[in-house]
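# A structural walkthrough
Spelled out from the first residue to the last, the chains are:
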Amino acid sequence: MNCSLNFELSCKLLIPAAGSGRRMGSDRNKLLLPLLDKTILQWTLESVIASSSISWIGVIAQPNDFPAFEQIFSSLKSPITLIKGGETRQESVFNGLKALPESSQSVLIHDGARCLATPSLFNRCAEALKIYSGLIAAIQVKDTIKIVKDGNVESTPDRNYLWAAQTPQGFSVKELKQAHLQAQALNWSVTDDAALFEKIGLPVQIVMGEETNLKITTPQDLAIAEFILRQRIKK
Ligand code: CTP
Ligand code: MG
């Protein structure tokens, strides 16, 4: 059984939010930085809550951020479970999987740093999770991508096959847990969950992502995000 046998509000969602934001160069977790009148994490959570498909939210965080995160949660209308994060995103997600309600068959995972993902993207991924046991939001790349070694271009992959991975990503909980266990045993280190699915030979379906679904990583991303949000507010 997965989301398909439940009613509309049926999917569980984990938000990895336990990073430090090193590339942002700020004095705190970048998710606590202001973006217009809210923190980045608050924008992410409000979009999740505005979607009609998420019934349970778990936020994975470092304990030193718990008080600030709890304060953000107190201003929202949905209950949120706090889960202790790990050293890497991979470890954080694994902790999140272990903290899911026992009955969970499938799960969406969405980076706290992707605060511009719209409610309809969450709904689209939740719908697709009724059919597929592994999926990622992704968009086709616009640049020509080069494989480079020691400053030298080695090759140019055919752009028709290149997609930029985003989150949400959705999986069967049982299979993703197995993939994480195998990764732990064999010391695999990856930057998204789909990569673990691929490594153990499980299929991963593409769901159309959003060009504006940036992962806020550097100060420039913050400026672009601010511009996009102002445009949305005007409409
Ligand atoms: N993340 C996490 N646990 C970690 C590291 C990252 O939950 N140990 C989360 C981040 O909070 C973020 C998402 O994974 O929402 C994607 O990671 P990234 O954008 O790389 O964020 P940071 O790791 O915080 O940034 P940086 O790599 O620049 O330090
Ligand atoms: Mg990181």
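Preceding block: the structure.
Residues numbered from 1 in each chain as written. Chains lettered and ligands numbered in written order. Predicted model: local features only at pLDDT ≥ 70, side-chain atom pairs only at ≥ 80, totals over all residues. Heavy atoms only, no water.

Here we come to helix H5 (residues 173-186). Its 14 residues give H5 an end-to-end C-alpha distance of 20 Å, which sits within 8% of 20 Å, the value for a rise of 1.5 Å per residue. Buried residues of H5: Val173, Leu176, Ala179, His180 and Ala183, and no others. Viewed along the axis of H5, the buried residues span an arc of 125°, placing them on a single side of the element. Across H5 from its buried face, at more than 90 degrees, point the exposed residues Lys174 and Ala185. Tucked into the core, H5 has its buried residues touching helix H3 (89-98), strand E6 (106-109), strand E10 (163-172) and helix H6 (193-199). Trailing H5 by a residue or two, Asn187 shows a phi angle of about 60°, which is positive. (Helix = DSSP H or I, 4+ residues; strand = E, 2+ residues; numbered from the N terminus. Expected span 1.5 Å × (residues − 1). Buried < 20%, exposed > 50% of the residue type's maximum accessible area, 1.4 Å probe, protein only. Arc of directions from axis to C-beta. Contact = heavy atoms within 4.5 Å.)

Quick look at the packing of aromatic side chains now. Tallying each qualifying case throughout the model produces 2 aromatic pairs. On the numbers, 6.4 Å between centres and 55° between planes, the contact of Phe69 with Phe73 is tilted. Of this pair, Phe69 and Phe73 both sit in helix H2 (residues 66-74), 4 residues apart, roughly one helical turn. A cation over a ring is seen here: Lys38 above Trp43, with NZ or CZ 4.0 Å from the ring centre. If you follow Lys98 out to its NZ or CZ, it ends over the ring of Phe94, 4.1 Å from the centre. (Phe/Tyr/Trp six-rings, centres within 6.5 Å; stacked < 30°, edge-to-face > 60°. Lys NZ or Arg CZ within 6 Å of the ring centre and 35° of its normal.)

Turning to the site of ligand 1, a few remarks are in order. Near ligand 1 lie 19 residues; those nearest to it are Gly21, Arg22, Arg23, Lys30 and Ser92. Within the backbone of Ala18, an N or O atom sits 2.9 Å from an oxygen atom of ligand 1. In this structure, Glu87 approaches ligand 1 through a main-chain N or O atom, which is 3.2 Å from a nitrogen atom. In isolation ligand 1 exposes 570 Å². Once the protein is present, 90% of that is buried. (Near = heavy atom within 4 Å. Polar contact = N/O pair within 3.5 Å; in protein donor to acceptor, adjacent residues only side chain to side chain. Areas by Shrake-Rupley, 256 points an atom, 1.4 Å probe, with all protein chains shown as cover.)

Pairing within the open sheet is mixed, and its 7 strands lie in the order E5-E4-E1-E6-E10-E7-E11. If you trace the sheet from one side to the other, it starts and ends with strand E5 (80-84) and strand E11 (205-208), each paired once. Between one strand axis and the next, the sheet turns through 30° on average, direction left out of account. As paired strands, strand E4 (residues 54-61) and E5 are joined by 5 bridges and run parallel to one another. Along E5, the bridge assignment pairs Ile57 with Ile80. The strands touched by H3 within the sheet are strand E1 (11-16), E4, E5, E6 and E10, with E1 carrying the most contacts at an inclination of about 145°. Packing against the sheet, H5 makes contact with E6 and E10, and its axis sits at approximately 115° to E10. (Pairing = 2+ DSSP bridges. Axes fitted to C-alpha atoms, helices over the stretch in contact; angles between N-to-C directions.)

Ranked by size, the top nonpolar core spans 43 residues in total, and within it Leu45, Ile57 and Val59 carry the most contacts. Elements with a minimum of two residues in this core: E1, helix H1 (40-50), E4, H2, helix H4 (119-128), strand E7 (134-140) and helix H7 (219-234). Broken down by element, this core gets its largest block of residues, 6 residues, from H1. Ignoring anything within four residues of it in the chain, the contact list for Leu45 reads Ile15, Ile57, Val59, Ile72, Phe73, Leu76 and Ile80. In this structure, Trp56, Ile60, Leu100 and Phe197 belong to the second largest nonpolar core, which totals 17 residues. (Core = buried A, V, L, I, M, F, W, Y, C linked by side-chain atoms within 4.5 Å.)

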